[in-house]
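Each chain, written out:
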Amino acid sequence: MTALPSPRGKLTENRNLNDLTWLRVGGPADYLFQPADIEDLQTFLRDLPTEVPVFPMGVGSNLIVRDGGLRAVVIRLGRGFNSISVEGNTVTAGASALDAHVARKAADGGVDLTFLRTIPGSVGGAVRMNAGCYGSYTADVLRKATIVTRQGEVVDLTTEDLNFRYRQSDLPESAVLVSATFEGPSGDPDELHARMAAQLKKRDETQPTKDRSAGSTFRNPAGFSSTGREDDVHDLKAWKVIDDAGMRGATRGGAQMSPKHSNFLINTGDASAADLEGLGEEVRKKVYETSGITLEWEIMRVGDPLTE
Ligand SMILES: Cc1cc2nc3c(=O)[nH]c(=O)nc-3n(C[C@H](O)[C@H](O)[C@H](O)COP(=O)(O)OP(=O)(O)OC[C@H]3O[C@@H](n4cnc5c(N)ncnc54)[C@H](O)[C@@H]3O)c2cc1C
(Lines give C-alpha, C1' and ligand atoms only; values in the text may rest on other atoms or scores of the structure.)
Protein backbone atom coordinates (compact mmCIF):
# COMPACT_ATOMS: atom_id res chain seq x y z
CA MET A 1 0.00 0.00 0.00
CA THR A 2 1.22 3.50 -0.86
CA ALA A 3 2.71 5.45 2.06
CA LEU A 4 0.47 8.31 3.11
CA PRO A 5 1.54 11.68 4.49
CA SER A 6 1.39 12.15 8.28
CA PRO A 7 -1.10 14.89 9.03
CA ARG A 8 -1.69 16.75 12.30
CA GLY A 9 -5.33 15.63 12.23
CA LYS A 10 -6.56 12.07 12.65
CA LEU A 11 -5.81 9.41 10.00
CA THR A 12 -7.39 6.00 10.69
CA GLU A 13 -6.71 2.91 8.57
CA ASN A 14 -9.51 0.49 7.67
CA ARG A 15 -12.25 2.50 9.33
CA ASN A 16 -15.84 1.25 9.13
CA LEU A 17 -18.18 3.92 7.86
CA ASN A 18 -21.46 2.47 9.11
CA ASP A 19 -21.65 4.68 12.19
CA LEU A 20 -20.92 7.75 10.06
CA THR A 21 -23.94 7.41 7.81
CA TRP A 22 -27.62 8.04 8.59
CA LEU A 23 -28.60 4.65 7.23
CA ARG A 24 -26.01 2.98 9.49
CA VAL A 25 -24.59 0.80 6.74
CA GLY A 26 -21.25 0.70 4.99
CA GLY A 27 -18.00 -1.26 5.01
CA PRO A 28 -14.57 0.14 5.76
CA ALA A 29 -12.75 2.98 4.04
CA ASP A 30 -9.06 2.26 3.38
CA TYR A 31 -8.46 5.39 5.43
CA LEU A 32 -10.54 8.00 7.16
CA PHE A 33 -8.88 11.41 7.42
CA GLN A 34 -10.20 14.08 9.77
CA PRO A 35 -8.05 17.16 9.14
CA ALA A 36 -7.20 19.48 12.01
CA ASP A 37 -7.68 22.62 9.94
CA ILE A 38 -7.47 23.94 6.40
CA GLU A 39 -3.64 24.04 6.31
CA ASP A 40 -3.52 20.41 7.44
CA LEU A 41 -5.97 19.46 4.68
CA GLN A 42 -3.98 21.38 2.06
CA THR A 43 -0.65 19.80 3.01
CA PHE A 44 -2.15 16.31 3.16
CA LEU A 45 -3.75 16.56 -0.27
CA ARG A 46 -0.67 18.14 -1.80
CA ASP A 47 1.56 15.32 -0.48
CA LEU A 48 -0.90 12.49 -1.11
CA PRO A 49 0.26 10.45 -4.13
CA THR A 50 -1.94 11.36 -7.09
CA GLU A 51 -3.05 7.76 -7.67
CA VAL A 52 -4.78 7.56 -4.27
CA PRO A 53 -8.51 8.29 -4.64
CA VAL A 54 -10.14 10.73 -2.27
CA PHE A 55 -13.82 10.83 -1.23
CA PRO A 56 -15.10 13.82 0.78
CA MET A 57 -18.13 13.04 2.91
CA GLY A 58 -20.41 15.18 5.07
CA VAL A 59 -22.57 13.64 7.77
CA GLY A 60 -23.73 10.82 5.50
CA SER A 61 -27.40 11.80 5.27
CA ASN A 62 -27.55 11.17 1.54
CA LEU A 63 -25.29 8.17 1.21
CA ILE A 64 -25.39 4.42 0.94
CA VAL A 65 -21.84 3.18 1.45
CA ARG A 66 -21.79 -0.38 0.11
CA ASP A 67 -20.93 -3.30 2.41
CA GLY A 68 -17.43 -3.86 0.94
CA GLY A 69 -16.45 -0.28 1.78
CA LEU A 70 -14.50 2.36 -0.12
CA ARG A 71 -11.06 2.03 -1.67
CA ALA A 72 -10.17 5.63 -0.96
CA VAL A 73 -9.12 8.10 1.65
CA VAL A 74 -12.44 9.35 2.98
CA ILE A 75 -12.18 12.95 4.19
CA ARG A 76 -14.60 14.02 6.88
CA LEU A 77 -14.36 17.54 8.21
CA GLY A 78 -14.94 18.12 11.91
CA ARG A 79 -14.53 20.84 14.50
CA GLY A 80 -11.88 22.86 12.64
CA PHE A 81 -14.48 23.55 9.95
CA ASN A 82 -17.72 24.28 11.76
CA SER A 83 -17.65 28.02 12.45
CA ILE A 84 -20.72 30.12 11.56
CA SER A 85 -20.70 33.93 11.37
CA VAL A 86 -23.45 36.39 10.49
CA GLU A 87 -22.72 39.92 9.25
CA GLY A 88 -25.66 41.88 7.91
CA ASN A 89 -27.39 39.52 5.49
CA THR A 90 -24.26 37.47 4.85
CA VAL A 91 -23.75 34.16 6.58
CA THR A 92 -20.42 32.34 6.31
CA ALA A 93 -20.24 28.76 7.48
CA GLY A 94 -17.63 26.05 7.57
CA ALA A 95 -18.40 22.94 5.54
CA SER A 96 -18.91 20.69 8.56
CA ALA A 97 -21.45 23.06 10.18
CA LEU A 98 -24.86 21.42 10.26
CA ASP A 99 -27.53 23.01 8.06
CA ALA A 100 -29.83 23.21 11.10
CA HIS A 101 -27.23 25.20 13.10
CA VAL A 102 -26.65 27.56 10.17
CA ALA A 103 -30.40 28.17 9.85
CA ARG A 104 -30.78 28.85 13.60
CA LYS A 105 -27.78 31.17 13.84
CA ALA A 106 -28.88 33.03 10.71
CA ALA A 107 -32.38 33.45 12.20
CA ASP A 108 -30.87 34.80 15.45
CA GLY A 109 -29.17 37.44 13.29
CA GLY A 110 -32.38 38.22 11.33
CA VAL A 111 -31.41 36.35 8.15
CA ASP A 112 -33.80 33.92 6.49
CA LEU A 113 -32.09 30.64 5.70
CA THR A 114 -34.99 28.79 7.31
CA PHE A 115 -35.23 26.16 4.58
CA LEU A 116 -31.97 24.66 5.84
CA ARG A 117 -33.47 23.94 9.28
CA THR A 118 -35.04 20.61 8.46
CA ILE A 119 -32.30 19.24 6.21
CA PRO A 120 -30.15 16.95 8.35
CA GLY A 121 -26.90 17.37 6.41
CA SER A 122 -23.85 19.61 6.61
CA VAL A 123 -22.95 22.68 4.53
CA GLY A 124 -20.60 20.61 2.34
CA GLY A 125 -23.38 18.21 1.45
CA ALA A 126 -25.88 21.07 0.96
CA VAL A 127 -23.70 22.73 -1.68
CA ARG A 128 -22.76 19.50 -3.42
CA MET A 129 -26.40 18.32 -3.54
CA ASN A 130 -28.02 21.76 -4.03
CA ALA A 131 -30.12 20.79 -1.02
CA GLY A 132 -33.50 22.41 -0.72
CA CYS A 133 -37.06 22.22 0.47
CA TYR A 134 -40.23 24.31 0.76
CA GLY A 135 -39.42 26.03 -2.54
CA SER A 136 -35.89 27.24 -1.64
CA TYR A 137 -32.60 25.77 -2.72
CA THR A 138 -28.97 26.26 -1.78
CA ALA A 139 -28.43 27.69 -5.27
CA ASP A 140 -30.78 30.60 -4.41
CA VAL A 141 -28.70 31.84 -1.47
CA LEU A 142 -25.12 30.72 -2.11
CA ARG A 143 -22.70 33.52 -3.02
CA LYS A 144 -19.31 31.82 -2.74
CA ALA A 145 -17.91 28.39 -1.99
CA THR A 146 -14.31 27.79 -0.98
CA ILE A 147 -12.70 24.49 -1.84
CA VAL A 148 -9.35 22.81 -1.41
CA THR A 149 -8.48 21.06 -4.68
CA ARG A 150 -6.98 17.58 -4.92
CA GLN A 151 -3.63 19.37 -5.41
CA GLY A 152 -4.03 21.25 -2.12
CA GLU A 153 -4.84 24.70 -3.55
CA VAL A 154 -7.51 26.95 -1.99
CA VAL A 155 -9.95 28.18 -4.66
CA ASP A 156 -13.11 30.32 -4.44
CA LEU A 157 -16.01 29.26 -6.65
CA THR A 158 -19.07 31.27 -7.72
CA THR A 159 -22.58 29.93 -8.32
CA GLU A 160 -21.80 30.00 -12.05
CA ASP A 161 -18.80 27.73 -11.49
CA LEU A 162 -21.01 25.35 -9.52
CA ASN A 163 -23.63 25.08 -12.27
CA PHE A 164 -26.44 24.16 -9.86
CA ARG A 165 -29.21 21.84 -11.02
CA TYR A 166 -31.96 19.90 -9.26
CA ARG A 167 -30.08 18.09 -6.45
CA GLN A 168 -26.75 18.49 -8.24
CA SER A 169 -23.79 20.82 -8.68
CA ASP A 170 -20.41 20.67 -10.36
CA LEU A 171 -17.76 20.55 -7.67
CA PRO A 172 -14.39 19.75 -9.21
CA GLU A 173 -13.54 16.04 -8.91
CA SER A 174 -12.12 15.10 -5.46
CA ALA A 175 -12.20 18.75 -4.26
CA VAL A 176 -13.13 19.26 -0.62
CA LEU A 177 -15.53 22.13 0.08
CA VAL A 178 -14.30 23.90 3.22
CA SER A 179 -16.66 26.86 3.60
CA ALA A 180 -19.61 28.62 2.00
CA THR A 181 -20.99 32.16 2.05
CA PHE A 182 -24.74 32.66 1.83
CA GLU A 183 -26.89 35.76 1.50
CA GLY A 184 -30.47 35.48 2.72
CA PRO A 185 -33.42 37.89 2.92
CA SER A 186 -33.98 39.83 6.17
CA GLY A 187 -36.57 38.59 8.61
CA ASP A 188 -37.78 39.06 12.14
CA PRO A 189 -35.90 36.54 14.34
CA ASP A 190 -39.01 35.45 16.24
CA GLU A 191 -40.96 34.90 13.03
CA LEU A 192 -38.09 32.97 11.47
CA HIS A 193 -37.82 30.68 14.51
CA ALA A 194 -41.60 30.16 14.51
CA ARG A 195 -41.53 29.23 10.82
CA MET A 196 -38.77 26.70 11.45
CA ALA A 197 -40.71 25.14 14.32
CA ALA A 198 -43.74 24.79 12.01
CA GLN A 199 -41.61 23.19 9.31
CA LEU A 200 -40.15 20.68 11.76
CA LYS A 201 -43.65 19.77 12.91
CA LYS A 202 -44.80 19.33 9.31
CA ARG A 203 -41.85 17.04 8.59
CA ASP A 204 -42.57 14.88 11.60
CA GLU A 205 -46.17 14.54 10.48
CA THR A 206 -45.42 13.52 6.90
CA GLN A 207 -42.01 11.81 6.91
CA PRO A 208 -40.42 9.00 8.92
CA THR A 209 -38.03 11.42 10.66
CA LYS A 210 -37.43 9.05 13.57
CA ASP A 211 -36.31 6.18 11.32
CA ARG A 212 -32.89 5.62 9.79
CA SER A 213 -33.16 6.92 6.22
CA ALA A 214 -31.29 9.06 3.74
CA GLY A 215 -34.24 11.31 2.88
CA SER A 216 -35.83 11.01 -0.56
CA THR A 217 -34.58 7.89 -2.26
CA PHE A 218 -35.36 8.88 -5.85
CA ARG A 219 -35.49 12.22 -7.61
CA ASN A 220 -38.97 13.38 -8.49
CA PRO A 221 -39.39 12.41 -12.13
CA ALA A 222 -40.73 15.63 -13.15
CA GLY A 223 -42.13 19.95 -8.94
CA PHE A 224 -40.79 23.17 -9.79
CA SER A 225 -37.45 24.03 -8.38
CA SER A 226 -36.21 27.58 -8.07
CA THR A 227 -32.92 27.14 -9.87
CA GLY A 228 -34.82 28.51 -12.88
CA ARG A 229 -33.46 26.14 -15.46
CA GLU A 230 -35.59 24.57 -18.13
CA ASP A 231 -34.62 21.03 -17.21
CA ASP A 232 -35.67 21.71 -13.64
CA VAL A 233 -39.36 20.87 -13.75
CA HIS A 234 -40.34 18.12 -11.32
CA ASP A 235 -44.16 18.00 -11.09
CA LEU A 236 -44.58 14.28 -10.83
CA LYS A 237 -43.70 12.93 -7.39
CA ALA A 238 -41.63 9.80 -6.91
CA TRP A 239 -43.78 8.68 -3.97
CA LYS A 240 -46.84 8.64 -6.23
CA VAL A 241 -45.36 6.37 -8.88
CA ILE A 242 -43.95 4.12 -6.12
CA ASP A 243 -47.44 3.87 -4.59
CA ASP A 244 -48.93 3.14 -8.02
CA ALA A 245 -46.42 0.29 -8.39
CA GLY A 246 -47.64 -1.16 -5.07
CA MET A 247 -44.23 -0.73 -3.40
CA ARG A 248 -45.18 1.31 -0.31
CA GLY A 249 -44.08 -0.80 2.66
CA ALA A 250 -42.17 -3.32 0.50
CA THR A 251 -39.29 -5.03 2.31
CA ARG A 252 -36.05 -6.84 1.55
CA GLY A 253 -34.01 -8.10 4.51
CA GLY A 254 -33.95 -5.25 6.99
CA ALA A 255 -34.77 -2.64 4.32
CA GLN A 256 -38.24 -1.17 3.82
CA MET A 257 -39.95 1.47 1.68
CA SER A 258 -41.45 3.49 4.53
CA PRO A 259 -45.18 2.94 5.07
CA LYS A 260 -45.32 6.65 6.15
CA HIS A 261 -43.67 8.06 3.00
CA SER A 262 -43.08 5.65 0.16
CA ASN A 263 -40.03 7.51 -1.28
CA PHE A 264 -38.12 6.98 1.99
CA LEU A 265 -35.97 3.87 2.11
CA ILE A 266 -35.41 2.89 5.74
CA ASN A 267 -33.18 0.58 7.71
CA THR A 268 -35.56 -1.11 10.13
CA GLY A 269 -32.63 -2.45 12.21
CA ASP A 270 -30.29 -4.92 10.58
CA ALA A 271 -30.35 -3.97 6.89
CA SER A 272 -27.18 -4.28 4.86
CA ALA A 273 -26.31 -1.81 2.13
CA ALA A 274 -27.11 -4.63 -0.31
CA ASP A 275 -30.64 -4.97 1.14
CA LEU A 276 -31.20 -1.22 0.81
CA GLU A 277 -29.81 -0.85 -2.68
CA GLY A 278 -31.44 -4.10 -3.80
CA LEU A 279 -34.85 -2.94 -2.61
CA GLY A 280 -34.32 0.39 -4.35
CA GLU A 281 -33.53 -1.41 -7.61
CA GLU A 282 -36.62 -3.59 -7.18
CA VAL A 283 -38.71 -0.42 -6.81
CA ARG A 284 -37.17 1.07 -9.95
CA LYS A 285 -38.01 -2.10 -11.90
CA LYS A 286 -41.61 -2.24 -10.65
CA VAL A 287 -42.14 1.46 -11.36
CA TYR A 288 -40.80 1.02 -14.87
CA GLU A 289 -43.08 -1.96 -15.46
CA THR A 290 -46.19 -0.17 -14.20
CA SER A 291 -45.67 3.39 -15.51
CA GLY A 292 -42.78 3.31 -18.00
CA ILE A 293 -40.94 5.82 -15.78
CA THR A 294 -37.29 5.29 -14.95
CA LEU A 295 -36.67 6.55 -11.42
CA GLU A 296 -33.23 8.06 -10.82
CA TRP A 297 -31.51 7.60 -7.48
CA GLU A 298 -31.18 10.75 -5.34
CA ILE A 299 -29.27 8.87 -2.64
CA MET A 300 -25.64 8.53 -3.69
CA ARG A 301 -24.34 4.99 -3.61
CA VAL A 302 -20.59 4.63 -3.27
CA GLY A 303 -18.03 1.89 -2.69
CA ASP A 304 -17.83 -1.82 -3.44
CA PRO A 305 -20.35 -4.58 -2.82
CA LEU A 306 -19.20 -7.34 -0.48
CA THR A 307 -17.65 -10.24 -2.37
CA GLU A 308 -18.12 -13.71 -0.88
C1 LIG B 1 -34.67 12.57 7.13
C2 LIG B 1 -33.99 13.23 5.94
C3 LIG B 1 -34.60 14.29 5.29
C4 LIG B 1 -33.97 14.90 4.20
N5 LIG B 1 -34.59 15.95 3.58
C6 LIG B 1 -33.98 16.59 2.56
C7 LIG B 1 -34.61 17.73 1.93
O8 LIG B 1 -35.69 18.17 2.29
N9 LIG B 1 -33.95 18.32 0.93
C10 LIG B 1 -32.74 17.87 0.47
O11 LIG B 1 -32.20 18.48 -0.45
N12 LIG B 1 -32.14 16.81 1.05
C13 LIG B 1 -32.73 16.15 2.07
N14 LIG B 1 -32.12 15.06 2.65
C15 LIG B 1 -30.86 14.53 2.07
C16 LIG B 1 -29.57 15.08 2.68
O17 LIG B 1 -29.76 15.55 4.00
C18 LIG B 1 -28.99 16.20 1.82
O19 LIG B 1 -28.65 15.73 0.53
C20 LIG B 1 -27.73 16.80 2.45
O21 LIG B 1 -27.38 17.96 1.73
C22 LIG B 1 -26.54 15.84 2.49
O23 LIG B 1 -25.54 16.43 3.30
P24 LIG B 1 -24.45 15.54 4.05
O25 LIG B 1 -23.53 16.45 4.78
O26 LIG B 1 -25.10 14.48 4.84
O27 LIG B 1 -23.68 14.90 2.81
P28 LIG B 1 -23.29 13.38 2.55
O29 LIG B 1 -24.51 12.54 2.50
O30 LIG B 1 -22.21 12.95 3.49
O31 LIG B 1 -22.67 13.48 1.09
C32 LIG B 1 -23.50 13.80 -0.02
C33 LIG B 1 -22.61 14.24 -1.19
O34 LIG B 1 -21.99 15.48 -0.84
C35 LIG B 1 -20.58 15.36 -0.97
N36 LIG B 1 -19.96 16.16 0.10
C37 LIG B 1 -20.34 16.26 1.40
N38 LIG B 1 -19.53 17.10 2.07
C39 LIG B 1 -18.60 17.54 1.17
C40 LIG B 1 -17.49 18.43 1.25
N41 LIG B 1 -17.13 19.04 2.39
N42 LIG B 1 -16.77 18.63 0.12
C43 LIG B 1 -17.10 18.03 -1.04
N44 LIG B 1 -18.15 17.19 -1.18
C45 LIG B 1 -18.89 16.94 -0.09
C46 LIG B 1 -20.27 13.88 -0.83
O47 LIG B 1 -19.08 13.53 -1.51
C48 LIG B 1 -21.48 13.27 -1.50
O49 LIG B 1 -21.27 13.29 -2.88
C50 LIG B 1 -32.71 14.43 3.75
C51 LIG B 1 -32.08 13.37 4.43
C52 LIG B 1 -32.71 12.77 5.51
C53 LIG B 1 -32.01 11.65 6.24
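Residues numbered from 1 in each chain as written. Predicted model: local features only at pLDDT ≥ 70, side-chain atom pairs only at ≥ 80, totals over all residues. Heavy atoms only, no water.

Novice: Sorry if this is basic, but what is going on with unusual backbone geometry here?
Specialist: Most peptide bonds are trans, and most residues other than glycine sit at a negative phi. Positioned with a positive phi, asparagine 130 is a non-glycine residue whose angle comes to about 45°. Classification of asparagine 130 as buried rests on a relative accessible area of 0%. You will see that arginine 167, though not glycine, has its phi angle at about 55°, which is positive. In this structure, arginine 167 sits in the loop between α5 (159-162) and β12 (176-183). (Buried < 20%, exposed > 50% of the residue type's maximum accessible area, 1.4 Å probe, protein only. Helix = DSSP H or I, 4+ residues; strand = E, 2+ residues; numbered from the N terminus.)

Novice: Please clarify how the nonpolar core should be interpreted in this entry.
Specialist: Within soluble globular proteins, side chains that are nonpolar tend to cluster in buried spots. Core analysis: the largest hydrophobic core is formed by 49 residues, its most contacted members being Leu41, Val73, Ile75, Val102, Leu113, Val123 and Phe182. Broken down by element, the residue count for this core peaks at five residues, all from β12. Setting aside chain neighbours within four positions, we find leucine 41 in contact with Phe33, Pro35, Ile75, Leu77, Phe81, Val148, Val176 and Val178. Leu23, Val25, Phe218 and Ala238 belong to the second-largest nonpolar core, a separate cluster that totals 24 residues. (Core = buried A, V, L, I, M, F, W, Y, C linked by side-chain atoms within 4.5 Å. Contact = heavy atoms within 4.5 Å.)

Novice: Just to check I follow, could you spell out the site of the ligand for this structure?
Specialist: Neighbouring the ligand are 33 residues; Pro56, Ser61, Ser122, Gly132 and Arg203 lie closest to it. Residue serine 61 places a side-chain N or O atom 2.6 Å away from an oxygen atom belonging to the ligand. A distance of 2.9 Å separates a nitrogen atom of the ligand from a polar atom in the backbone of leucine 177. Breaking the shell around the ligand down by element, the ones donating at least two residues are β3 (54-57), α3 (123-129), β8 (132-133), β12 and β13 (212-216). At five residues, α3 tops the list of elements feeding residues into the shell around the ligand. Of the residues assigned to the shell around the ligand, the class counts are 19 nonpolar, 11 polar and three charged. (Near = heavy atom within 4 Å. Polar contact = N/O pair within 3.5 Å; in protein donor to acceptor, adjacent residues only side chain to side chain. Nonpolar A, V, L, I, M, F, W, Y, C, P; charged D, E, K, R; others polar.)

Novice: Even after reading the chapter, I still don't get the sheet that holds β3, so can you show me in this structure?
Specialist: Consider a sheet: its strands pair through backbone hydrogen bonds, and that pairing is either parallel or antiparallel. Taken in spatial order, the four strands line up as β1-β2-β5-β3 in an open sheet, and their pairing is mixed. Whereas interior strands pair on both sides, the edge strands pair on one side only; in this sheet they are β1 (10-16) and β3. Ignoring strand direction, the axes of neighbouring strands in this sheet form an average angle of 30°. Where strand β2 (residues 28-34) and strand β5 (residues 70-76) come together, four bridges link them in parallel fashion. The residue of β5 that forms the bridge with leucine 32 is valine 74. (Pairing = 2+ DSSP bridges. Axes fitted to C-alpha atoms, helices over the stretch in contact; angles between N-to-C directions.)

Novice: Which parts of the structure should I look at to understand the packing of helix α2 (residues 99-108) against helix α6 (residues 189-206)?
Specialist: Viewed as axis vectors pointing N to C, α2 and α6 meet at an angle of 155°, and their least axial separation amounts to 8 Å. By the angle between their axes, α2 is roughly antiparallel relative to α6. Only Pro189, Leu192, His193 and Met196 of α6 make contact with α2, whose side of the interface consists of Ala103, Arg104, Ala107 and Asp108. Of the residues assigned to the contact of α2 with α6, the class counts are five nonpolar, one polar and two charged. (Parallel < 35°, antiparallel > 145°, perpendicular 65-115°, else oblique.)

Novice: Would you take a moment to explain the pairing of strand β11 (residues 154-157) for this structure?
Specialist: Every regular strand shows the same layout, with side chains that alternate between the two sheet faces. Here strand β10 (residues 142-148) pairs with β11 via four bridges, running antiparallel. Residue pairing for β11: threonine 146 is matched across the bridge by aspartate 156. Joining the antiparallel neighbours β10 and β11 is a turn of five residues, in which glycine 152 adopts a positive phi near 95°.

Novice: Looking at this model, I keep getting lost on the packing of aromatic side chains. Mind explaining?
Specialist: When we look at a pair of aromatic rings, we describe it by the centre distance and by the angle of the planes. Here the structure, examined in full by the defined rule, presents two aromatic pairs. Ring geometry for phenylalanine 218 against tryptophan 297: centres 5.0 Å apart, planes inclined by 55°, an arrangement best described as tilted. Tryptophan 297 shares its class with phenylalanine 218; the two are buried. (Phe/Tyr/Trp six-rings, centres within 6.5 Å; stacked < 30°, edge-to-face > 60°.)

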